Amino acid sequence: MCGIIGIISTNEVSSRIVNSLKKLEYRGYDSAGIATLVDGNINEVKCEGRVDILEKDILKFNLKGDIGIGHVRWATHGKPSKINAHPHSSEQVSVVHNGIIENSTILKKFLEKKGYVFKSQTDTEVIAHLVTDYLKKNSLKNTIIKVLKKLHGSFALGVIFKDRDDLMVGARRGSPLAVGYGPNENYLGSDSYALKSMTNKISYLEDGEFCIIKKDQIEFFEGNGVKINKKVMNLSKEDIHYDKGDYKYFMEKEIDEQPSTINDCINEYVDRYNNQINIYNFPWKINSFQSIVLIGCGTAYHSCLVAKYWLEQNTNLDVSIDIASEFRYRKVRFKKDCLYVFVSQSGETADTYAALELCKKNKMKTCAVVNVVESSIARDADLVLPIYCGQEIGVASTKAFLGQMLVLYILSIKISFDQKFITKKDYQSKIKNLLSLSNSAKKTLKLDHKLLNIGKVFAHAKGCMFLGRGYSFPIALEGALKLKELAYVHAEGYPAGEMKHGPLALIEEGMPVVVIAPRDDHYKKTMSNMQEVIARGAKVLLITNKNKDEVVSENIWEQIEVDKLNDELIPFLVTIPLQKLAFYSALEKGYDIDKPRNLAKSVTVE
Ligand code: G6P
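Here's a quick rundown of the structure. These figures come from a predicted structure and were not determined experimentally.

**A few points about the overall build of the protein chain**
Then step 1. Of the regular secondary structure elements, the protein chain holds 19 helices and 27 strands.
Then step 2. Relative to its length of 606 residues, the protein chain is compact, with a C-alpha radius of gyration of 26 Å against a globular reference of 25 Å.
Then step 3. Seen through its principal axes, the protein chain has C-alpha atoms that stretch 80 × 55 × 45 Å.
Then step 4. Out of the 606 residues belonging to the protein chain, those deemed buried represent 61%.
Then step 5. Of the contacts made within the protein chain by residues no fewer than 6 positions apart, 70% connect residues no fewer than 24 positions apart.
Then step 6. Just so you have it, the protein chain exposes about 24200 Å², and 48% of that area is on carbon and sulfur atoms.
Then step 7. Computed over 82 positive and 74 negative side-chain charges, the inter-centroid distance for the protein chain is 3 Å.

**Some words on empty space enclosed by the protein**
Then step 1. Scanning the model with the defined rule gives two cavities of 30 Å³ or more in all.
Then step 2. Here the largest cavity defines a volume of roughly 80 Å³.
Then step 3. Around the largest cavity, the lining is made up of 14 residues, and of these Arg73, Thr76, His86, Gly99 and Asp123 lie nearest the centre.
Then step 4. Of the residues assigned to the lining of the largest cavity, the class counts are five nonpolar, seven polar and two charged.
Then step 5. Forming the walls of the second largest cavity are Ile127, Val131, Ile144, Val147, Leu148, Leu157, Val159, Val169 and Ala171.
Then step 6. With three residues, the top contributor of residues to the lining of the second largest cavity is helix H5 (residues 140-150).
Then step 7. Taken together, the residues that form the lining of the second largest cavity break down as nine nonpolar, no polar and no charged.

**Overview of the pattern of salt bridges**
Oppositely charged side chains can form a pair if their charged atoms are brought close together.
Then step 1. Evaluation of the coordinates by the stated rule reveals 30 salt bridges.
Then step 2. As a salt-bridge pair, Arg27 and Asp191 come within 2.8 Å of each other at their nearest N and O atoms. Remark: Asp191 occurs in the loop between strand S10 (185-189) and helix H6 (192-195) and Arg27 occurs in the loop between helix H1 (14-24) and strand S2 (31-38); sequence separation between them is 164 residues. Accessibility assignment for this pair places Arg27 and Asp191 in one class, buried.
Then step 3. With a closest N to O distance of 3.4 Å, Lys580 and Asp256 form a salt bridge. Of this pair, Lys580 sits in helix H19 (residues 570-589) while Asp256 sits in helix H7 (residues 250-256), and the two are 324 residues apart along the sequence.
Then step 4. By relative accessible area, which is 26% here, Asp256 ends up partly exposed.

**Things to note about the site of the ligand**
Then step 1. Surveying the vicinity of the ligand reveals 14 residues, the closest of which are Thr299, Ser344, Gln345, Ser346 and Thr349.
Then step 2. Between an oxygen atom of the ligand and a side-chain N or O atom of Thr349, the distance comes to 2.4 Å.
Then step 3. At a separation of 3.2 Å, an oxygen atom of the ligand approaches a polar backbone atom of Val395.
Then step 4. In isolation the ligand has 390 Å² of accessible area, and contact with the protein removes 89% of it.
Then step 5. Of all the cavities here, the one that holds the ligand is the second largest pocket.

**Thoughts on the sheet that holds strand S27 (residues 558-562)**
Then step 1. Read from one edge of the open sheet, five strands run S24-S23-S25-S26-S27, paired in parallel fashion. Every other strand in the sheet has two partners, leaving strand S24 (490-495) and S27 as the edge strands with one partner each. Here the strands of the sheet are splayed against their neighbours by 15° on average, with no regard to which way each runs.
Then step 2. For strand S23 (residues 463-468) and S24, the ladder comprises six bridges, and the chain directions are parallel. Bridging across to S24, Phe466 finds its partner in Gly493.
Then step 3. Relative to the sheet, helix H17 (residues 472-487) contacts S23, S24 and strand S25 (512-516), its axis offset from that of S24 by approximately 175°.
Then step 4. On top of the sheet, H19 reaches S23, S25, strand S26 (539-545) and S27; it is set at about 145° to S26, its chief contact.

**A closer look at H5**
Then step 1. When H5 is considered as a whole, its buried residues turn out to be Leu140, Thr143, Ile144, Ile145, Val147 and Leu148.
Then step 2. Close packing links the buried residues of H5 with helix H4 (125-135), strand S7 (153-161), strand S8 (168-173) and strand S12 (210-213).

**Let's talk about the packing of helix H8 (residues 258-269) against helix H13 (residues 399-418)**
When two helices pack together, their arrangement is given by the angle between the helix axes and the distance between those axes.
Then step 1. Running from N to C, H8 and H13 point in directions that differ by 30°, and their axes come no closer than 10 Å. By the angle between their axes, H8 is roughly parallel relative to H13. For the crossing formed where H8 meets H13, the hand is right-handed. Contacts between H8 and H13 pair Gln258, Thr261, Ile262, Cys265, Ile266 and Tyr269 from the former with Lys399, Leu402, Leu406, Val407 and Ile410 from the latter.

**A few points about the packing of aromatic side chains**
Then step 1. What the rule picks out here adds up to 17 aromatic pairs.
Then step 2. Taking 6.2 Å as the distance between ring centres and 55° as the angle between the ring planes, the aromatic pair formed by Phe282 and Phe289 counts as tilted.
Then step 3. For Phe282, a relative accessible area of 17% gives the class buried.
Then step 4. Since its relative accessible area comes to 2%, Phe289 is described here as buried.
Then step 5. Taken together, the aromatic side chains of Tyr309, Trp310, Tyr409, Tyr471 and Phe572 make up a single cluster linked through ring pairs.
Then step 6. Across the ring face of Phe220, the terminal group of Lys230 is positioned such that the distance to the ring centre comes to 5.9 Å.

Criteria and thresholds
- Residues numbered from 1 in each chain as written.
- Predicted model: local features only at pLDDT ≥ 70, side-chain atom pairs only at ≥ 80, totals over all residues.
- Heavy atoms only, no water.
- Helix = DSSP H or I, 4+ residues; strand = E, 2+ residues; numbered from the N terminus.
- Rg over C-alpha atoms; globule rule 2.2 N^0.38 Å.
- Buried < 20%, exposed > 50% of the residue type's maximum accessible area, 1.4 Å probe, protein only.
- Contact = heavy atoms within 4.5 Å.
- Areas by Shrake-Rupley, 256 points an atom, 1.4 Å probe, with all protein chains shown as cover.
- Lys, Arg positive; Asp, Glu negative; His and termini not counted.
- Charge placed at Lys NZ, Arg CZ, Asp CG, Glu CD.
- 1 Å grid on protein atoms, 1.4 Å probe; cavity = no way out; pocket = protein on both sides within 12 Å on 5 of 7 lines; lining within 4 Å.
- Points joined across faces, edges and corners; volume = space filled by probe spheres on them.
- Nonpolar A, V, L, I, M, F, W, Y, C, P; charged D, E, K, R; others polar.
- Salt bridge = Lys/Arg side-chain N within 4 Å of Asp/Glu carboxyl O.
- Near = heavy atom within 4 Å.
- Polar contact = N/O pair within 3.5 Å; in protein donor to acceptor, adjacent residues only side chain to side chain.
- Sits in = over half its atoms within 2 Å of the grid points.
- Pairing = 2+ DSSP bridges.
- Axes fitted to C-alpha atoms, helices over the stretch in contact; angles between N-to-C directions.
- Parallel < 35°, antiparallel > 145°, perpendicular 65-115°, else oblique.
- Left-handed = near helix turned anticlockwise from the far one by under 90°.
- Phe/Tyr/Trp six-rings, centres within 6.5 Å; stacked < 30°, edge-to-face > 60°.
- Lys NZ or Arg CZ within 6 Å of the ring centre and 35° of its normal.

Right under this line is the structure:
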């Protein structure tokens, strides 16, 4: 994944590079580095760990220079260390890289034979030496063309050159790269977010393209060197000032924002006056597809799983879901009458993007459900349905998960009505129920106090389980994922009915188990499964919804009750206590909640 920033200016750049790197830490945070040109020479400062450490080192070093590149790393080749941190430099060039060079071992051998000495264990260092080698006999532009041809795999690159304080180079294959236009200065960034504090004028490189960036001009080229023109886009300013406010952690803030993000999203899609859903730009006739495939990774995949239940319940479509990294390499039978939906918060996840590209290559109908509307996935899909939840910084996704589910639910009832699968009365009653969701989410957030203590138990558990049936099964998977990501506790999500086929063997005295059992059609069955784990020693946290009868079952350790809403909307509410549970478990252990170990928010490598 990794974050890239480059600035060429008439003023010193290092402090602005550091500020942008701080914004990019969501892409990787195991090490950081910067290189600038001072009197034509490359100067590097690198560190293991966060950008805060880099900032102090830069001050010590008094790093000057009007042109520079910076990087935050999520290790792929070579462990996180100062030596492996980017930029990687030879005397002639300095390179920052996001992605993986798949033929780096072969290239390294070739370069070592020529006498180049490698300092790091990274795949990136081959690029620095390869560029150096080609520069001996080629012009700068031809060097770039030849080097890009030699590299296999995926990359976004930023390169600066000794004695060339008039330019820097950006190149892209597979991994996203943006350029920004400023007053007498220009920028390079792994995404527009890094550039937003400096400019709202952006262009994106497409796969295989490269660019030469000067202070007052940016030239774009196809991989073979043919010059091309680019559209300049104006970005919205809305996310520029997103900060923690009074919160200590972004994740905590993002969980608490959910009632308002739900409202914002509903306002975009629901016409409250006419009680109808508006997806204005829907480009196909409803009868033109008989099936739908939903594709995503991680939390986004879980939102697809929930949507499968809604779509099967409310439409006559044949519904499949897929994990993007599996879908892209399977022998998929593409169907003309199928809608392929790609769900991604960032809109940049490499596997999801590759799955979209595969569908596009096969001329399929594609739809993107994304948070970042300027992202690669949003730009390439036929239809974009934004989730409107605002910037999400916490690496473990929370409000974006609710946003993804919400848009998928809205899409499912829109299709349902258009297919005449439900009556107008049912359609409008579903919309009416939806309008109360934000308020119920607000009430669910208030169930906080109990979860603080419950979290302390989960934090120290050897392992735990999350069980549910129906809609609550994917929510169980998401609850388990949140606990793994944040508190580093081994957690399994399971369909409650599957326990007796193996996992029951894991239950032992005192093991915490979350049972998600709203009073829907599955309630009684799940209650029986719950008693089966209690009988084997499990400490059960039951998450259900309110009902008149107080006692729901016996021997339950703790119980959380969310509002009683239409069954279809319960997944939204029961998710919130699970987010809080993971948050408090991580808090108890003193872990880095917004940046859990080994992870990154935007996964732009396979
Ligand atoms: C990473 C993040 C997850 C996210 C997944 C998919 O693993 O840490 O929170 O669910 O990527 O990301 P996307 O941006 O495609 O939703």
